[in-house]
Amino acid sequence: MNAQPAFTARQSRIDASVRRALIAAARAVRRNAHAPYSRFRVGAAVWDESDRVHTGCNVENASYGLTVCAERNAIAAAIGAGAKHIRAIAVASPTRPPATPCGACRQVLAEFGDAHTLVVLAPPTGTATDRRLGALLPESFGLR
Ligand code: THU
């Protein structure tokens, strides 16, 4: 855990061009998903506190429980690159309405984001939907 409480009042403002770039990055990395079991390909793109974008896709395993979601892979890439805070994440999935992050990924997002962290839910084409992490995961678990 870092020095931040899971949810602070830190604002995550995002302009339209960053939001569009995040959606495009999530849709692009979705093509690399390893999803031979579910065929449900997901891509995620994280926007960090230094204006950098980090991506990840879901990686399934023949031992199904070892599957890692796109969101957690994108977050791991961000943290590995030195990111400390997640301002926004876009999640691209094959369905309409688009998938929302699973409960585990919401909790992992809460570790590095805050209630204002923007979660952009993108269908394969067309208009994406915005949510705030505080709405997706109220009263997240935290030790601090
Ligand atoms: N999956 C994600 O990558 N992110 C989500 O938000 C929902 C589910 C993946 C896990 C698995 O590879 C496939 O989608 C079907 O559950």
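Residues numbered from 1 in each chain as written. Predicted model: local features only at pLDDT ≥ 70, side-chain atom pairs only at ≥ 80, totals over all residues. Heavy atoms only, no water.

### What to know about the state of the cysteines
A full pass over the atoms with the stated rule returns zero disulfides. For Cys 69, which is in no disulfide, the shortest distance to another cysteine sulfur is to Cys 105 and amounts to 3.8 Å. Classification of Cys 69 as partly exposed rests on a relative accessible area of 22%. As a non-bridged cysteine, Cys 105 has Cys 102 as the owner of its nearest cysteine sulfur, 3.7 Å distant. On the basis of relative accessible area, Cys 105 is assigned to the buried category, the value being 0%. (Disulfide = S-S within 2.5 Å. Buried < 20%, exposed > 50% of the residue type's maximum accessible area, 1.4 Å probe, protein only.)

### Digging into unusual backbone geometry
That bond from Arg 96 to Pro 97 is cis: its omega, 0°, falls within 30 degrees of zero. Residues other than glycine seldom take positive phi values, yet Arg 39 does so here, at roughly 60°. Within the secondary structure layout, Arg 39 lies in the loop between helix H1 (16-30) and strand S1 (43-48). The backbone of Asp 51 sits at a positive phi, close to 65°, despite the residue not being glycine. Turning to its location among the elements, Asp 51 is positioned in the loop between S1 and strand S2 (53-57). The exposure class assigned to Asp 51 is exposed, which follows from its relative accessible area of 52%. (Helix = DSSP H or I, 4+ residues; strand = E, 2+ residues; numbered from the N terminus.)

### Quick notes on the packing of aromatic side chains
Overall, the coordinates contain one aromatic pair when judged by the stated rule. For the ring pair Tyr 37 and Tyr 64, a centre distance of 5.5 Å and an interplane angle of 45° mean the geometry is tilted. A residue pair is termed long-range when its members are at least 10 positions apart, and Tyr 37 in the loop between H1 and S1 and Tyr 64 in the loop between S2 and helix H2 (70-80) qualify at 27 residues. Taking NZ or CZ as reference, Arg 87 lies 4.7 Å from the ring centre of Trp 47, over its face. (Phe/Tyr/Trp six-rings, centres within 6.5 Å; stacked < 30°, edge-to-face > 60°. Lys NZ or Arg CZ within 6 Å of the ring centre and 35° of its normal.)

### Observations concerning the confidence of the model for the protein
In low-pLDDT regions, the fine details of the predicted coordinates are not to be read closely. Here the protein averages 93 in pLDDT, while 92% of its residues score no lower than 70. Scored below 50 in pLDDT, residues 1-10 shows 29 contacts in the model against residues more than four places distant or in partner chains. (pLDDT = per-residue confidence, 0-100. Contact = heavy atoms within 4.5 Å.)

### Digging into the nonpolar core
In this structure, Val 46, Ile 75, Ile 86, Ile 89, Leu 109, Val 119 and Leu 133 are the most contacted members of the largest nonpolar core, which totals 19 residues. Take this core: its biggest share by element is four residues, from H2. (Core = buried A, V, L, I, M, F, W, Y, C linked by side-chain atoms within 4.5 Å.)

### Some words on the side chain of Glu 60
In this fold, Glu 60 is placed in the loop between S2 and H2. Despite its burial, Glu 60 remains without a salt bridge, the nearest opposite charge being carried by Arg 39 at 8.0 Å. From its side chain, Glu 60 meets the backbone nitrogen of Tyr 37 in a polar contact 3.1 Å long. (Lys, Arg positive; Asp, Glu negative; His and termini not counted. Salt bridge = Lys/Arg side-chain N within 4 Å of Asp/Glu carboxyl O. Polar contact = N/O pair within 3.5 Å; in protein donor to acceptor, adjacent residues only side chain to side chain.)

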